[in-house]
Amino acid sequence: MITNDLFQAYRTFFGKGDALYQLFSPYRICPLGAHVDHQHGLVSGFAFDSGIDFLFSETESGKVEMCSLSFEGLMTFNVQRPVDEKQNNWGDYLRGAVWALQQDFQLRKGIRGVVKGSMPIGGLSSSAALLCGFVMALGKINNLYLDKMQVISYASRAEREYVGLNNGILDQACVVLCEADKLLYLDTRTSEYQLLPFGGESGTKELPFKLGIFFSGVTRKLTGTDYNLRVSECKTAAWIMEAYEDVPLKELQDTRLRDIDEEIFKKYESKMPERFAKRARHFYTECDRVEAGVEAWKKGDIKAFGQLIFESCESSMNNYECGSPELIALYKIMRRTEGIYGGRFSGAGFKGACIALVDPAKEESIREFVTKEYLKEFPQYKETFEMFFCHPADGVDFM
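Worth saying up front: this structure is predicted, and the values here are computed from it rather than measured.

1. Concerning the overall build of the protein
Step number 1: For the protein, the helix and strand inventory stands at 11 helices and 13 strands.
Step number 2: For the protein, whose C-alpha radius of gyration is 21 Å, the value lies close to the compact-globule estimate of 21 Å for 399 residues.
Step number 3: The dimensions of the protein, computed from C-alpha atoms along their principal axes, are 65 × 55 × 50 Å.
Step number 4: Looking at the protein residue by residue over its 399 residues, the buried ones come to 58%.
Step number 5: For the protein, restricting intrachain contacts to residue pairs at least 6 apart in sequence, the fraction spanning at least 24 positions comes to 72%.

2. Overview of helix H5 (residues 170–177)
Step number 1: The buried fraction of H5 is high, at 8 of 8 residues.
Step number 2: Looking at H5, one finds that the buried residues are Leu170, Asp171, Gln172, Ala173, Cys174, Val175, Val176 and Leu177.

3. A word on the nonpolar core
Step number 1: Residues Phe134 and Phe214 are the most contacted members of the largest nonpolar core, which totals 128 residues.
Step number 2: At 11 residues, the largest contribution of residues to this core is made by helix H3 (residues 126–141).
Step number 3: Phenylalanine 134 has contacts with Phe54, Val64, Met66, Leu94, Ala97, Val98 and Ile111, leaving out every residue within four places of it along the chain.
Step number 4: By size, the runner-up hydrophobic cluster in this structure holds 7 residues, among which are Ala9, Tyr10, Phe14 and Leu55.

4. A word on the layout of surface pockets
Step number 1: One number sums up the size of the second largest pocket: a volume of about 310 Å³.
Step number 2: Lining the second largest pocket are 16 residues, and of these His38, Arg160, Asn167, Lys235 and Arg256 sit closest to its centre.
Step number 3: Those elements giving two or more residues to the lining of the second largest pocket turn out to be helix H4 (148–163) and helix H6 (227–245).
Step number 4: The greatest single-element share of the lining of the second largest pocket, amounting to 3 residues, is contributed by H6.
Step number 5: Partitioned by chemical class, the residues of the lining of the second largest pocket number 3 nonpolar, 9 polar and 4 charged.

5. Points about the pattern of salt bridges
Step number 1: Tallied over the full model, the rule gives 32 salt bridges.
Step number 2: The salt bridge involving arginine 281 is made with glutamate 274; its shortest N-O contact spans 3.7 Å.
Step number 3: For glutamate 274, a relative accessible area of 44% corresponds to the partly exposed category.
Step number 4: Of the charged contacts in the structure, one is a salt bridge between arginine 367 and glutamate 364, with a shortest N-O distance of 3.9 Å. Pair noted here: arginine 367 and glutamate 364 are both in helix H11 (residues 363–377), with a separation of 3 residues, about one helical turn.

6. Digging into the packing of aromatic side chains
Step number 1: Scanning the model with the defined rule gives 22 aromatic pairs in all.
Step number 2: For the ring pair phenylalanine 46 and tryptophan 297, a centre distance of 5.7 Å and an interplane angle of 50° mean the geometry is tilted. With phenylalanine 46 in strand E2 (residues 42–59) and tryptophan 297 in helix H8 (residues 274–299), this pair connects stretches of sequence that are 251 residues apart. With respect to burial, phenylalanine 46 and tryptophan 297 carry one shared label: buried.
Step number 3: An angle of 25° between the planes, with centres 5.2 Å apart, marks the rings of phenylalanine 265 and tyrosine 284 as stacked. Remark: tyrosine 284 occurs in helix H8 and phenylalanine 265 occurs in helix H7 (residues 262–268); sequence separation between them is 19 residues. An identical accessibility class is assigned to phenylalanine 265 and tyrosine 284; each is buried.
Step number 4: A connected cluster of aromatic rings, assembled from ring pairs, spans Phe46, Phe198, Phe209, Trp297 and Phe305.
Step number 5: The ring of phenylalanine 398 has lysine 140 lying over it, and the distance from NZ or CZ to the ring centre is 5.1 Å.

7. Here we look at the state of the cysteines
Step number 1: If you walk through the whole model with that rule in mind, you get 0 disulfides.
Step number 2: Of all cysteine sulfurs, the one in cysteine 287 lies closest to cysteine 234, which takes part in no disulfide; the gap is 11 Å.
Step number 3: Judged by its relative accessible area of 1%, cysteine 234 falls in the buried class.
Step number 4: With no disulfide of its own, cysteine 322 has cysteine 313 as its nearest cysteine by sulfur position, at a separation of 7.5 Å.
Step number 5: A relative accessible area of 4% means that cysteine 322 is categorised as buried.

Analysis parameters
Throughout, residues of each chain are indexed from 1 in the direction in which the sequence is written. pLDDT decides what is reported in this predicted model: residues at 70 or higher carry local features, side-chain atom pairs at 80 or more are listed and counted, and totals for whole chains, interfaces and linings draw on all residues regardless. The side-chain values count all of the structure's non-hydrogen atoms but skip hydrogen atoms and water molecules. Numbering of helices and strands starts at the N terminus; helices are DSSP runs of H or I of at least 4 residues and strands are runs of E of at least 2. As a reference, a globule follows 2.2 Å times the number of residues to the power 0.38, and the radius of gyration itself is taken over C-alpha atoms. Think of it in three bands: residues with accessible area under 20% of the maximum for their type are buried, residues over 50% are exposed, and the middle band is partly exposed, with areas taken using a 1.4 Å probe on protein chains only. A contact between two residues is defined here by any heavy atoms of the two lying within 4.5 Å. Residue types Ala, Val, Leu, Ile, Met, Phe, Trp, Tyr and Cys, when buried and joined through side-chain atoms within 4.5 Å, form a set referred to as a nonpolar core. Lining residues are defined by having an atom within 4 Å of a point belonging to a cavity or pocket. Those points lie on a 1 Å grid over the protein atoms alone, cavities being sets where a 1.4 Å probe fits but cannot get out and pockets being open sets with protein on both sides within 12 Å along at least five of seven lines. Grid points are joined across faces, edges and corners, and a volume is the space filled by probe spheres set on the points. Gly counts as polar in this scheme, as do all residues outside two lists: the nonpolar Ala, Val, Leu, Ile, Met, Phe, Trp, Tyr, Cys and Pro, and the charged Asp, Glu, Lys and Arg. Think of a salt bridge as a Lys or Arg side-chain nitrogen and an Asp or Glu carboxyl oxygen that are within 4 Å of each other. Aromatic rings from Phe, Tyr and Trp, with only the six-membered ring used for Trp, were paired whenever their centres fell within 6.5 Å, and each pair was classed as stacked if the ring planes differed by under 30 degrees, edge-to-face if by over 60, and tilted otherwise. The rule for a charge over a ring is simple: NZ of Lys or CZ of Arg within 6 Å of the ring centre, and within 35 degrees of the ring normal. Two cysteine sulfur atoms make up a disulfide if the distance between them is within 2.5 Å.

What follows is the structure, given as structure tokens:
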């Protein structure tokens, strides 16, 4: 919902009299399918009812003027000109969206507006929410008539080729495709997806859980972490197996673990350097967990689905080797909290947040127990540790 402070900010920066558009782009979580989309793996996801609100109007001159209630600085540039190089601020995502669209379209109209995020940044793919929302906004005012897969493609290309984060399409797909009462099941190699009701087609639309979001109090930026290194390690693991098989190698950037059968991994697992064997082990077992999770979801078995989420986090720690001390502590606390069906790191697991599927009836006791136990271990985050309980939601759309 567009709030009064957003309207007030627009009037303060840009005055009155413009025809205003409103758009909401949700954050996302991935219950199963962690760290595999960049290897063309299988993933699952929910969008939820917190995210980024956009309030904007069009400019005939092509000028972009965007401010944020979450970050400092008025971002200005022109869509009718080549996009400048990165400036290492939040405006890079806006510039990246324009750059991606400029590869196929001649943009004429720009955007003047305000954005506001409804949660702290870290692990919920705020970058994808911002990118997908801005791509849709640019498409709307320039009459581009982009379909959902095009929005995903342009937002993903912007983040990979302009911003410089070598991720897959999981984040953007969740932001764009999700529906409130369904689980998104996506094959990131083929882009084929299903929106699955809980308990199957004859199941209930009323989900038996809420989403718990636990912010560690530590912010993070993926382009300053080992995220890209992990992607390269996965590709190298695939390259090693192809070398053992004596098949022609592709360029490393075109190599994916999904192209190699799991039986080949089992054949060479003990011969590979442990670092690369661990990355591959996480990939194959995580894709297996996604498939098992989908079956549990179809059966309406929330406990089995949640247990797989816990197992996913164990693999993220032990095989993918991510997770800050704060997130690991939060994960261990969640495992012994009554009313949490399953939980894990959100996003890449480098600082940020943990997510969980929780019993709505135990929301308050969960809040009390997790807060007490976490701050006992990390009292320095008393002012920044936060907890939210949310509902799954539909993907990005105009209001």
